[in-house]
Amino acid sequence: MRISELRLLDIVNIKDGRRLGPIKDLDLDLERGSIKGIVVQGASRSWGFLGGRTEDILVPWERVKKIGVDVILVDATDLPEFNSLMDDRR
């Protein structure tokens, strides 16, 4: 699978089935040649032109449980960034 194909997949938290959003980027460790995590785009605050966006969320690679045809399943429930993202979306 190519990185460009990964960006098309939805990221879903396996604990509650919530969609976290699209992949914005990958965090790479160039010295080791490995993926450190998936960067998920933060939620919009208010309207984009008024409030901007929240900070992006880094889901560590160890939290990726399964990469499927349509989704990437992750365990993100106890990540502080995930909890603030869910608060912003309510």
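A. Fine view of the overall build of the protein. When you go through the protein residue by residue, the secondary structure sums to 3 helices and 6 strands. If you list the helices and strands of the protein from N to C, you get α-β-β-β-α-β-β-β-α. Per-residue burial over the protein gives 31% buried out of 90 residues. Within the protein, contacts between residues separated by at least 24 positions form 41% of all contacts whose residues are at least 6 apart in sequence. With an accessible surface of roughly 6,100 Å², the protein has 49% of that area assigned to carbon and sulfur atoms.

B. Representation of the sheet that holds strand S1 (residues 10–13) in the model. Ordered in space as S4-S3-S2-S1-S6-S5, the 6 strands form an open sheet in which the pairing is mixed. With one partner strand each, in any of the chains shown, strand S4 (57–60) and strand S5 (64–67) form the two edges of the open sheet. For this sheet, the mean inter-axis angle between neighbouring strands, taken without regard to orientation, is 40 degrees. Relative to strand S6 (residues 71–74), S5 runs antiparallel, the two sharing 3 bridges. Bridge pairing in S6 links Val-64 to Val-74.

C. Expanded view of the environment of Asp-78. Relative to the helices and strands, Asp-78 resides in the loop between S6 and helix H3 (80–89). Asp-78 gets classed as exposed once you look at its relative accessible area, which sits at 52%. Engagement of the side chain of Asp-78 in a polar contact is seen with the side chain of Arg-63, the distance being 2.8 Å.

Calculation criteria
- Residues numbered from 1 in each chain as written.
- Predicted model: local features only at pLDDT ≥ 70, side-chain atom pairs only at ≥ 80, totals over all residues.
- Heavy atoms only, no water.
- Helix = DSSP H or I, 4+ residues; strand = E, 2+ residues; numbered from the N terminus.
- Buried < 20%, exposed > 50% of the residue type's maximum accessible area, 1.4 Å probe, protein only.
- Contact = heavy atoms within 4.5 Å.
- Areas by Shrake-Rupley, 256 points an atom, 1.4 Å probe, with all protein chains shown as cover.
- Pairing = 2+ DSSP bridges.
- Axes fitted to C-alpha atoms, helices over the stretch in contact; angles between N-to-C directions.
- Polar contact = N/O pair within 3.5 Å; in protein donor to acceptor, adjacent residues only side chain to side chain.

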